Amino acid sequence: MGTITNEGYRIVRLTISETGNNIVECRYYKAEVTDSKAAVIYVGGVGGGWDSPAKELYPRLSQKLTKEDGINSLRIRFRYSTDLEESILDVLAGIEFLTQEEGITSIGLVGHSFGGAVVISAASIASENIVKAVVTLATQSYGTEGVSRLKKGSCSILLIHGNNDEVLSPYCSHYIYNNAHEPKKLVLYDNASHGLDEVADKVFQKVHEWFLENLKIM
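These remarks concern the structure in this document. The structure presented is a predicted model; accordingly, all values stated were derived computationally and were not measured.

On to the overall build of the chain. In terms of helices and strands, the chain carries five helices and eight strands. In terms of C-alpha radius of gyration, the chain reaches 16 Å, essentially the compact-globule figure of 17 Å for 218 residues. Its C-alpha atoms put the chain at 40 × 40 × 35 Å along the principal axes. Long-range contacts, defined as pairs at least 24 residues apart, comprise 69% of the intrachain contacts of the chain with a sequence gap of at least 6.

Take a look at the structure:
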């Protein structure tokens, strides 16, 4: 899997059975405890690359979870960052890697903007009971119909949105919340825009707590 970088991750390349660009590039932060059975997958939006909301939330949270909480982290770079179906396949490939090769039994998913729809859809398709928690950050509503298929009581969802989002209205998160089963939570931040940079520390704390409470790693 290669050498660990200064940021604490290894590059992982996953192959999916698609023509064309079939390599999903990932950054894998391995938990320092040897028997870790939990992991979080992170995805960005249509901008592609390694984009992260809330002032580099993803690398910051990855490092904290792996070093302090015994939870692995896998950041995924979309092959086609504007294609919902292809991006769902990317996340499913990440889930398969974690479960089949790393022995993970409890997974959390977090996505920003377009990525919110991706993780909701992936969670609704993934093998039953493997995804325990979903977090969306300033999500779109298109492509989120799968939220009603998340198993009641076994997969939680946290929706975070800024009331000053200039790209996607907080109504998107309201809509998804109303269609989701419990356990669910909607958090709206005043004076926060689409990137949530204005409330980065609050978002970090909320997402961190959500995964610790809902990944069920006893």
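The rest of the description comes next.
This brings us to the sheet that holds strand β3 (residues 38-43). Strand order in the open sheet formed by eight strands is β1-β2-β4-β3-β5-β6-β7-β8, with mixed pairing between adjacent strands. The open sheet has two edge strands with one neighbour each: β1 (10-15) and β8 (184-189). Looking at each pair of strands side by side, their axes are set apart by 20° on average, direction ignored. Both strand β6 (residues 131-137) and strand β7 (residues 156-162) contribute to a ladder of five bridges, which runs parallel. Bridging from a neighbouring strand, Val134 pairs with Ile157 of β7. With respect to the sheet, helix α1 (residues 53-68) is in contact with β2 (23-29), β3, β4 (72-77), β5 (106-112) and β6, its orientation differing from that of β4 by roughly 145°.

Two elements in contact, helix α2 (residues 84-101) and helix α3 (residues 114-125), have axes whose closest approach is 9 Å; the angle formed by their N-to-C orientations is 60°. Put simply, α2 runs oblique to α3. α3 is crossed by α2, and the crossing has right-handed handedness. On the side of α2, the interface is formed by Leu84, Ser87, Ile88, Val91 and Leu92, while α3 contributes Phe114, Ala117, Val118, Ser121, Ala122 and Ile125.

On to the pattern of salt bridges, then. Any two side chains of opposite charge can pair, so long as their charged atoms come close to each other. Counted by the stated rule, this structure contains six salt bridges. Residue Arg77 is joined to Glu25 by a salt bridge in which the shortest nitrogen-to-oxygen separation is 2.5 Å. Taken as a pair, Arg77 in strand β4 and Glu25 in strand β2 lie far apart in primary sequence, 52 residues in all. Between Arg79 and Glu86 there is a salt bridge, and its shortest N-O distance comes to 2.7 Å. Take Glu86: its relative accessible area is 18%, and that puts it in the buried class.

Its boundaries defined by the atoms lining it, the largest pocket holds a volume of some 280 Å³. In terms of lining residues, the largest pocket is bounded by 15 residues, among which Leu92, Ala93, Ile95, Glu96 and Phe97 are the most central. Looking at the lining of the largest pocket, the elements with two or more residues in it are β1 and α2. Per element, the largest residue contribution to the lining of the largest pocket is nine residues, and it comes from α2. Taken together, the residues that form the lining of the largest pocket break down as nine nonpolar, four polar and two charged.

The rules behind the values
- Residues numbered from 1 in each chain as written.
- Predicted model: local features only at pLDDT ≥ 70, side-chain atom pairs only at ≥ 80, totals over all residues.
- Heavy atoms only, no water.
- Helix = DSSP H or I, 4+ residues; strand = E, 2+ residues; numbered from the N terminus.
- Rg over C-alpha atoms; globule rule 2.2 N^0.38 Å.
- Contact = heavy atoms within 4.5 Å.
- Pairing = 2+ DSSP bridges.
- Axes fitted to C-alpha atoms, helices over the stretch in contact; angles between N-to-C directions.
- Parallel < 35°, antiparallel > 145°, perpendicular 65-115°, else oblique.
- Left-handed = near helix turned anticlockwise from the far one by under 90°.
- Salt bridge = Lys/Arg side-chain N within 4 Å of Asp/Glu carboxyl O.
- Buried < 20%, exposed > 50% of the residue type's maximum accessible area, 1.4 Å probe, protein only.
- 1 Å grid on protein atoms, 1.4 Å probe; cavity = no way out; pocket = protein on both sides within 12 Å on 5 of 7 lines; lining within 4 Å.
- Points joined across faces, edges and corners; volume = space filled by probe spheres on them.
- Nonpolar A, V, L, I, M, F, W, Y, C, P; charged D, E, K, R; others polar.

Treat this as a map of the structure, not an account of what it does.
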